[in-house]
Amino acid sequence: MCDDGWGDEDCSMKTCVNNCSGNGICNEKTHQCECNSVVEEEAVFKGQMWTGMGCEERTCPLSCKTNGGWCDKENGIWYTDIYIYIYIYIYIYLFFIFQSFLSFCFSKIL
C-alpha cells in the first residue's frame, strides 16, 4: 500500500491526495485536485464546493468569515456565536436543577 499522494504498483507515480476523495478530478500535470461542487441534494447551501488538498471538506458560506462563528468543514455547516450562548444557558440551567435536586435529597437523608 502506497503513502498518500503516491500510486502505481511500486508507489513510484505521484498522484493526487486521497485520489481527490471521489469529489474532484486529479490534474495529471500538477497532481493537484480540481474539486467539484457538492451534489445539490447533499449541499447545505447553493453553490457549495468541495475543498481541501484531497477535496475532502466542504466550503462554508462567506458569512462565516464576516459574522463570527465557526465552520464544521466536514459537513459545511456554519454555527453562529448564538449557539454558544444557548449551550451555556442550557448547561447552567441543568446545573442548577441538578444542584437543587441534590440539596433536596440530602436534606431528607440528613
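Residues numbered from 1 in each chain as written. Predicted model: local features only at pLDDT ≥ 70, side-chain atom pairs only at ≥ 80, totals over all residues. Heavy atoms only, no water.

## Let's talk about the confidence of the model for the chain
Averaged over every residue, the pLDDT of the chain is 81; residues scoring 70 or more account for 81%. Least confident of the elements in the chain is helix α1 (residues 63–66), whose mean pLDDT is 54; most confident is strand β4 (residues 33–35), at 95. (pLDDT = per-residue confidence, 0-100. Helix = DSSP H or I, 4+ residues; strand = E, 2+ residues; numbered from the N terminus.)

## A closer look at the packing of aromatic side chains
Applying the stated criterion to the full structure yields 2 aromatic pairs. Where Y89 meets Y93, the ring centres are 6.3 Å apart and the plane angle is 15 degrees; that geometry is what we call stacked. In this pair, Y89 and Y93 are both assigned in helix α2 (residues 81–109), 4 residues apart and thus about one turn of the helix distant. According to the relative accessible area criterion, Y89 is exposed, its value standing at 57%. Its relative accessible area of 48% is what places Y93 among the partly exposed residues. Pairing F95 with F96 gives two aromatic rings, centres 5.5 Å apart and planes at 75 degrees, and the pair type is edge-to-face. For F95, a relative accessible area of 43% puts it in the partly exposed group. (Phe/Tyr/Trp six-rings, centres within 6.5 Å; stacked < 30°, edge-to-face > 60°. Buried < 20%, exposed > 50% of the residue type's maximum accessible area, 1.4 Å probe, protein only.)

## Details of the state of the cysteines
Under the counting rule described, the total for this entry stands at 4 disulfides. Disulfide pairing is shown between C2 and C11; the S-S distance is 1.9 Å. Disulfide C2-C11: torsion about the S-S bond near -90 degrees, hence left-handed. Since its relative accessible area comes to 29%, C11 is described here as partly exposed. Across the disulfide from C16 sits C26; the S-S distance is 2.0 Å. Measuring the twist about the S-S bond at about 85 degrees, one finds the C16-C26 disulfide to be right-handed. Residue C16 is located in the loop between β2 (13–14) and β3 (24–26), and its partner C26 is located in strand β3; the two are separated by 10 residues in the primary sequence. Its relative accessible area of 3% is what places C16 among the buried residues. (Disulfide = S-S within 2.5 Å.)

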